[in-house]
Amino acid sequence: MPQYQWSPPEHPDPPEDQPIGIDGVEWSEWVNHSPVHVEVEFTRTGWQRVPGFVDAATDDRVLVQFVHMGFAHRVWLERGRVTPRTLKPRR
């Protein structure tokens, strides 16, 4: 009887729909990782409004993290494309 040989799972390739950001900076201000809505353009689906969190910020740019189609992204965007949002209280 053949014995089962375990192998690690294979992960799919990164999605073809990638966010379009701007050039970042090497240093930034401390941020509190506040929740935001992000207006971001993707290579295939165009403009999307997605929820995310702030990772870093400067006077004119913000590094945001968000999930789109099951993939996590971190992108620098213009500050005007990021708006604050509030989380619902936990019960």
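Quick look at the structure, then. (Residues numbered from 1 in each chain as written. Predicted model: local features only at pLDDT ≥ 70, side-chain atom pairs only at ≥ 80, totals over all residues. Heavy atoms only, no water.)

## Structural notes on the overall build of the chain
Moving on, step 1. The number of helices and strands found in the chain is zero helices and six strands.
Moving on, step 2. Computed over C-alpha atoms, the radius of gyration of the chain comes to 18 Å, more than 25% over the 12 Å expected from 2.2 N^0.38 for 91 residues, which places it beyond the range of a compact globule.
Moving on, step 3. Along the first, second and third principal axes, the C-alpha set of the chain runs to 65 × 40 × 30 Å.
Moving on, step 4. Expressed as a percentage of its 91 residues, the buried residues of the chain come to 31%. (Helix = DSSP H or I, 4+ residues; strand = E, 2+ residues; numbered from the N terminus. Rg over C-alpha atoms; globule rule 2.2 N^0.38 Å. Buried < 20%, exposed > 50% of the residue type's maximum accessible area, 1.4 Å probe, protein only.)

## Some points on unusual backbone geometry
Moving on, step 1. Although it is not a glycine, His33 sits at a positive phi angle of roughly 55°.
Moving on, step 2. The residue His33 is located in the loop between strand 1 (19–20) and strand 2 (35–42) in this model.
Moving on, step 3. Judged by relative accessible area, His33 falls into the partly exposed class, the value being 44%.
Moving on, step 4. Even without being glycine, Met69 reaches a positive phi, approximately 55°.
Moving on, step 5. Within the secondary structure, Met69 sits in the loop between strand 4 (61–68) and strand 5 (71–78).
Moving on, step 6. By relative accessible area, Met69 is classed as exposed at 58%.

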